Amino acid sequence: MASTPQTTPDDRGRGSSRDDRPDLATEVFLAHRNLLFTVAYEMLGSAADAEDVLQETWLRWAGVDLGTVREQRAYLVRITTRQALTRLRTLGRRRESYVGPWLPEPLLTSPDVAEDVELADSVSMAMMLVLETLTPTERAVFVLREVFDLAYDEIAEAVDKSPAAVRQIAHRARAHVAARRPRGVVSAAETRYALDAFQRAAETGDLQSLLDILAPDVVLLGDGGGIKQAIPRPIVGADKVASVLVAGLGRIADTASLRPAQVNGYPALVLRLDGEIDTVVAVRIDDGLITGLYAVRNPEKLSHMQRETTLRR
């Protein structure tokens, strides 16, 4: 897993000039850094890869003659999108050999992300998995149009397509997402209620209480990445999912703790073993019932659970 790049300026003033004031290129990059990270993360589903894209964006931005740039935000988004598209195509080949189910990298998000309902919905684990079913270009167009409200001509420059082609791609991507996304926007309160019930049932081993909040066709996905033991394939059905959860949590009850956290804009649960983060559990909810359970155990995907990540549109 890639680490945070060291050549990208951050709020501590990296990339500043000799009088310790950031130069103009650095100031502009820092002003849009959280936005650019959000664009890259939504396209890639990986915070580490998004950080790498930001590094590549900065290297290209640092060499630009700012006098020729009319719209700095759009220019930076265009660089980021192109770099993310290149990386996304590479990641597609890498994920073909991934051990077990692949899940997006969870982020411990700041409270203001949850306050922006559209942003929270776009980065939820459920939506990130839906975005995985799009082609790279469809994903870029959908994210830039539906989440960041960019004009079609701006998107066209970012993905090297004509505005007319981008409109067609956007229409196709919207239809694809609409058929697969959760049915209606789920409030944080609904998610919290379902998770509270799930936590109580899991901690007490009450199988019936667990069954009461699981949809009949609920799907459990576990991502260990071949590093941590996880279920090797999706488990489908309330009875099977509940039995697996009760049995698994029962074996570690003496050393485990389940605590709520804000993950990807929504409430989630963090399982700790002996005080260390072991698993992040996010959910998808439809009509008040849990239809998807996403358990990320791969330790290489848990580094962004140590501190809050700020996302911006």
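For clarity, every value in this text was computed on a predicted model and none was experimentally measured.

Reading guide: rules and limits
- Residues numbered from 1 in each chain as written.
- Predicted model: local features only at pLDDT ≥ 70, side-chain atom pairs only at ≥ 80, totals over all residues.
- Heavy atoms only, no water.
- Core = buried A, V, L, I, M, F, W, Y, C linked by side-chain atoms within 4.5 Å.
- Buried < 20%, exposed > 50% of the residue type's maximum accessible area, 1.4 Å probe, protein only.
- Helix = DSSP H or I, 4+ residues; strand = E, 2+ residues; numbered from the N terminus.
- Expected span 1.5 Å × (residues − 1).
- Contact = heavy atoms within 4.5 Å.
- Polar contact = N/O pair within 3.5 Å; in protein donor to acceptor, adjacent residues only side chain to side chain.

In terms of nonpolar packing, the biggest core is built from 55 residues, with Phe-37 and Trp-61 touching the most fellow members. Among the secondary structure elements, those contributing two or more residues to this core are α1 (24-44), α2 (47-61), α3 (72-95), α5 (117-123), α6 (125-131), α7 (136-147), α8 (152-159) and α9 (163-178). A total of 11 residues in this core trace back to one element, the largest contributor, which is α1. By size, the runner-up hydrophobic cluster in this structure holds 28 residues, among which are Leu-210, Ile-231, Leu-258 and Leu-269.

The next thing to look at is α7. In this model α7 runs 16 Å from its N-terminal to its C-terminal C-alpha over 12 residues, within 8% of the 16 Å that 1.5 Å per residue would give. In terms of burial, α7 is largely enclosed, as nine of its 12 residues are buried. The elements touched by buried residues of α7 are α1, α3, α5, α6, α8 and α9. Phi turns positive, to about 55 degrees, at Asp-149, one or two residues after α7.

It is worth spelling out the side chain of Glu-138 at this point. Along the chain, Glu-138 falls in helix α7. Given the relative accessible area of 10%, Glu-138 is considered buried. Of the polar contacts made by the side chain of Glu-138, one reaches the backbone nitrogen of Thr-135; its length is 3.1 Å. Sequence-distant contacts of Glu-138, defined by excluding residues within four places in its chain, comprise Ile-169, Arg-172 and Ala-173.

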